[in-house]
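One letter stands for each residue in the lines below.
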Amino acid sequence: MARIISIINYKGGVGKTTITLQLAVGLATLMKQRVLMVDLDPQCSLSLSTVDEHYWADWLERRGSINNLVQSFFETEQPQLDRSWIIENALDRAWDSMPGNTPGLDLLPSHLDLPEYEMRLVSRKPRHIASMEEFYFKRTTILKEALAPIRRHYDYILFDCPPNIYLISGNAIVASDYYLVPTIPDFISCYGIPFILQHIGNMQKDTKERGLRSTASFLGIVRNRVRQAGGHLVREHEEQSHKLKLNYENLLFETMIFDRIGVAELLGTRHNIYNSREERLAETRKEFTALTREMVRRIEEPRA
Ligand SMILES: Nc1ncnc2c1ncn2[C@@H]1O[C@H](COP(=O)(O)OP(=O)(O)OP(=O)(O)O)[C@@H](O)[C@H]1O
Ligand SMILES: [Mg+2]
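Per chain, the residues get numbers from 1 upward, laid out in the order the sequence is written. A letter from A marks each chain and a number from 1 marks each ligand, given out in the order of writing. Only residues with pLDDT of 70 or above have their local features reported here, since the model is predicted, and side-chain atom pairs are shown and tallied only from 80 upward, although totals for entire chains, interfaces and linings are computed over all residues. To get the side-chain values, all heavy atoms of the structure are used, and hydrogens and water are removed first.

Draft legend 1. Geometry of the sheet that holds strand β3 (residues 105–108). By this definition, two strands are paired if DSSP reports at least two bridges between them. Working definition: helices are DSSP H or I runs of at least four residues, strands are E runs of at least two. Numbering for both runs from the N terminus. Spatially, the seven strands line up as an open sheet ordered β3-β2-β4-β1-β5-β6-β9, and their pairing is parallel. Whereas interior strands pair on both sides, the edge strands pair on one side only; in this sheet they are β3 and β9 (252–258). This sheet shows a mean twist of 25 degrees between the axes of neighbouring strands, independent of strand direction. Here four bridges tie strand β2 (residues 35–39) to β3, and the two strands are oriented parallel to one another. Paired with V35 across the bridge in β3 is L105. It only takes one pair of heavy atoms within 4.5 Å for two residues to be counted as in contact. To obtain each axis, a line is fitted to C-alpha atoms, and for helices this fit is confined to the stretch in contact; angles are then taken between N-to-C directions over 0 to 180 degrees. Taken strand by strand, helix α8 (residues 167–175) contacts β1 (3–7), β4 (156–160) and β5 (178–183), and its axis lies near 145 degrees from that of β1.

Draft legend 2. Spatial organisation of the pairing of β5. Type-normalised accessible area, obtained with a 1.4 Å probe on protein chains alone, sets the label of each residue: buried when under 20%, exposed when over 50%, and partly exposed for intermediate values. Along β5, six of the six residues are buried, which leaves the element largely enclosed by surrounding structure. Neither face of β5 is left uncovered, since the one carrying Y178, L180 and P182 and the one carrying Y179, V181 and T183 both have all their residues buried. Strand direction decides the pairing type here: β1 and β5, joined by three bridges, are parallel. The residue bridging I7 from the neighbouring strand is L180, located in β5.

Draft legend 3. Seen up close, the pairing of β9. Burial within β9 is extensive, with six of its seven residues counted as buried. Of the strand pairs in this sheet, strand β6 (residues 217–226) and β9 are connected by three bridges, and their pairing is parallel. By the bridge assignment for β9, R223 is matched with M256.

Draft legend 4. Structural detail: the pattern of salt bridges. Each salt bridge in this description consists of a side-chain nitrogen of Lys or Arg and a carboxyl oxygen of Asp or Glu lying within 4 Å of one another. Evaluation of the coordinates by the stated rule reveals 18 salt bridges. A salt bridge links R210 to E133; the nearest nitrogen and oxygen atoms lie 3.5 Å apart. Of the two residues, R210 is situated in the loop between α10 (193–209) and β6 and E133 in helix α6 (residues 132–138); the sequence distance between them amounts to 77 residues. Residue classification places E133 among the exposed residues on the basis of a relative accessible area of 51%. Residue K286 is joined to E283 by a salt bridge in which the shortest nitrogen-to-oxygen separation is 3.3 Å. Placement of the pair is K286 and E283 together in helix α13 (residues 282–300), with a separation of three residues, close to one helical turn. On the accessibility criterion, E283 (37% relative accessible area) is partly exposed. Where salt bridges share partners, they join D52, D92 and R270 into one cluster.

Draft legend 5. Main features of the state of the cysteines. What counts as a disulfide here is a pair of cysteine sulfur atoms lying within 2.5 Å. Evaluated as defined, the whole model comprises zero disulfides. No disulfide involves C44; its nearest neighbouring cysteine sulfur is the one of C161, lying 14 Å away. Here C161 falls in the buried class, since its relative accessible area comes to 0%.

Draft legend 6. Expanded view of the packing of helix α1 (residues 16–30) against α13. At their nearest, the axes of α1 and α13 sit 9 Å apart, and the two run at 80 degrees to each other. Taken together, the axes of α1 and α13 are roughly perpendicular relative to one another. Along its contact with α1, which presents T18, I19, Q22, L23, G26, L27 and L30, the element α13 presents F288, T289, L291, T292, R293, M295 and V296. Note on residue classes: Ala, Val, Leu, Ile, Met, Phe, Trp, Tyr, Cys and Pro are nonpolar, Asp, Glu, Lys and Arg are charged, and everything else, Gly too, is polar. Here the residues of the contact of α1 with α13 sort into eight nonpolar, five polar and one charged. Angular relationships are summarised with four words: roughly parallel below 35 degrees, roughly antiparallel beyond 145, roughly perpendicular across 65 to 115, and oblique for the angles in between.

Draft legend 7. Spotlight on the packing of aromatic side chains. Only Phe, Tyr and Trp rings take part, Trp by its six-membered ring, and two of them pair if their centres are within 6.5 Å. Stacked means planes under 30 degrees apart, edge-to-face means over 60, and tilted covers everything else. Per the counting criterion, the structure on display carries seven aromatic pairs. Each ring, one from Y55 and one from W59, has its centre 5.8 Å from the other, and the planes form 40 degrees; the classification is tilted. With Y55 and W59 both in helix α3 (residues 53–62) and four residues apart, the pair spans about one turn of that helix. The class for W59 is buried, based on a relative accessible area of 3%. Arranged with centres 5.3 Å apart and planes meeting at 20 degrees, the rings of Y179 and F218 form a pair that is stacked. With Y179 in strand β5 and F218 in strand β6, this pair connects stretches of sequence that are 39 residues apart. You can call Y179 buried: its relative accessible area is 6%. According to the relative accessible area criterion, F218 is buried, its value standing at 19%.

Shown next, in the form of structure tokens:
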């Protein structure tokens, strides 16, 4: 039965998509796990970093995307996630008969029009839902309900969340068992962390009051784009790391992902770094391997 994990932070550009992708590829490649990545961001960076752009655009036309799931909320009492919307073995897919270079790694793609669908969730009560009270509740459980029947087909389901905490992110949290918060260890990026954690806590309290268990636990904070000079972290990153350690103790991941040109290129190149022998990716490969293993360890050996 899949463990469901949200990669979430309402700060933009901190590495949510990069980390989602590399964790997913790491789980599939290093541990032979069956992984579903769900792209919940209308920027579609995860989709476009996984499959070929033309293949993705064509897939949305021919098959479906996360939009279809939101649409089904307006059409039926039981929102359905049709498995035919999921691109199997998605990494590096450029056409249907091309196998994709990472077996077991699937993708439910996003769509540029997702904000329009999310707006409908704000204001438009479907006819089949009787009261506004029920509408407010059910619009946050779409993803949870829809994933229930397909959960058993995967070991992990990872959500790449958008840089906001509106209804799609709310759906992700309600559907998750865990959430992980990437940040850059600088003042601006760390400033919002207490607020996102508080917001998630409030959301969980709210769903609980409405009779639903939303128990996603906090897996921790991952530092990304860490910079070093002369063998040490640069001063600001060192200071913020120290603060994070004081405030979050062992909820701060030990593994850090350093700022490297090779990582910046990863979102565009669509290849599997764990299978690559490229020397310039060696450090990045090591860091993401350590991150994948640390995440699994934190799930399997939670603190008492
Ligand atoms: N460790 C790193 N080293 C160098 N560049 C990085 C690193 N991590 C991420 N980047 C680059 O930073 C940019 C933002 O990363 P990414 O898209 O993963 O962040 P995000 O949090 O998902 O952003 P958004 O909030 O827009 O969804 C991308 O161009 C990515 O290639
Ligand atoms: Mg992103």
